[in-house]
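Single-letter residue listing:
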Amino acid sequence: QSPLKNVETTAKSLWSLLDESRQRREQNSYFALGNYSSLDLIIPGKIGVTVGLNNSADKSWEFEYLSGSFGVPLFIADLGKISDKRMSLIKRSFFGSNSFNVSYGVTYFSFDADLGDKFVNSINGNYPSAKVVGLKSWGFNLGIGNRWTIREDITIGVDWISWSQPVFASERQDDFVNYSTNPEYKDDVDTALKVLSYLPRLAILKLQFGMMF
């Protein structure tokens, strides 16, 4: 058998395996996945989990948690540790396809940053709460991707591109702005928080791996 024929046979076998995804969504009610989002704003390299329910072969509901942290400056000079988290309720629609899907839903955003010594030293008095800035927001998410389920109900997914957009800031932790004695630092932090309040969170090639059951 020629090498070309072997490649063709292997490709057909692989395609047949991936083509089982729709049928397996009909047969399995639940799924659990691990996530890795390498190209993700604000913090790249987020990891997390997804748990969900297959409503039918064409629709699923899922809860997704993603978290990332960073220890170097971002947006504001001389920041300490930064924590960026997203919790999303997502509906995923397959529109009759085997694996292609569009996802959409609501997202809760949580961002916190420790201020560096340059900022902390400008605080008037002992106010530990002023050493951390943060935001809590609500918004929506939208994405496109593919998700395949193969033998043993192993599930592999990729969201090619997704957009999570804060719309409403429900909490702003900005005691530093009230207690700092340095107007320039206060303006820097206040401006950064305003930008972060509505900065789009874009993610490319978010990878998922897990099982249906």
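Located above this text is the structure these notes cover.
Residues numbered from 1 in each chain as written. Predicted model: local features only at pLDDT ≥ 70, side-chain atom pairs only at ≥ 80, totals over all residues. Heavy atoms only, no water.

Novice: An account of unusual backbone geometry is requested, with residue identities and associated values reported.
Specialist: For the bond running from leucine 41 to isoleucine 42, omega is 5°, close enough to zero to count as cis. Of note, isoleucine 42 is situated in the loop between β1 (30-40) and β2 (46-54). With a phi angle near 65°, glutamate 152 is a residue other than glycine that sits in the positive phi range. Positionally, glutamate 152 belongs in the loop between β6 (132-149) and β7 (154-173). (Helix = DSSP H or I, 4+ residues; strand = E, 2+ residues; numbered from the N terminus.)

Novice: Can you explain the pattern of salt bridges? Please cite residues and give values.
Specialist: Counted according to the given criterion, the structure contains 15 salt bridges. Between arginine 22 and aspartate 58 there is a salt bridge, and its shortest N-O distance comes to 2.5 Å. Of this pair, arginine 22 sits in helix α2 (residues 21-27) while aspartate 58 sits in the loop between β2 and β3 (59-70), placing them 36 residues apart in sequence. Exposure remark for arginine 22: the relative accessible area of 27% places this residue in the partly exposed category. Residue lysine 194 is joined to aspartate 190 by a salt bridge in which the shortest nitrogen-to-oxygen separation is 3.2 Å. Placement of the pair is lysine 194 and aspartate 190 together in helix α5 (residues 183-198), with a separation of four residues, close to one helical turn. Connected via shared salt-bridge partners are Glu62, Glu64, Arg92, Arg147, Asp159 and Lys206. (Salt bridge = Lys/Arg side-chain N within 4 Å of Asp/Glu carboxyl O. Buried < 20%, exposed > 50% of the residue type's maximum accessible area, 1.4 Å probe, protein only.)

Novice: I'd like a description of the packing of aromatic side chains, backed by residues and values.
Specialist: Counted according to the given criterion, the structure contains six aromatic pairs. Measuring from ring centre to ring centre gives 5.0 Å for phenylalanine 119 and tyrosine 185, while their planes differ by 50°; the resulting arrangement is tilted. Of this pair, phenylalanine 119 sits in helix α3 (residues 117-120) while tyrosine 185 sits in helix α5, and the two are 66 residues apart along the sequence. Site record: aromatic cluster; members linked through ring pairs are Phe119, Phe176 and Tyr185. (Phe/Tyr/Trp six-rings, centres within 6.5 Å; stacked < 30°, edge-to-face > 60°.)

Novice: Tell me about the side chain of serine 60, and name the residues and values.
Specialist: Of note, serine 60 is situated in strand β3. Look at serine 60 and you get buried, because its relative accessible area is 1%. Not counting chain neighbours up to four residues away, the residues in contact with serine 60 comprise Phe31, Leu53, Asn54, Asn55, Ile90, Lys91, Arg92 and Phe94. (Contact = heavy atoms within 4.5 Å.)

Novice: How would you summarise α5 if you had to cite specific residues and measurements?
Specialist: With 16 residues, α5 extends 24 Å from end C-alpha to end C-alpha; this agrees with the ideal 22 Å at 1.5 Å per step. Buried residues of α5: Tyr185, Val189, Asp190, Ala192, Leu193, Leu196 and Ser197, and no others. An end-on view of α5 places all buried positions within 160° of arc, on one side of the element. Away from its buried face by more than 90 degrees, α5 exposes Pro183, Glu184 and Lys194. Among the structural elements, β5 (100-115), α3, β6, β7, α4 (175-179) and β8 (201-212) are those in contact with the buried residues of α5. (Expected span 1.5 Å × (residues − 1). Arc of directions from axis to C-beta.)

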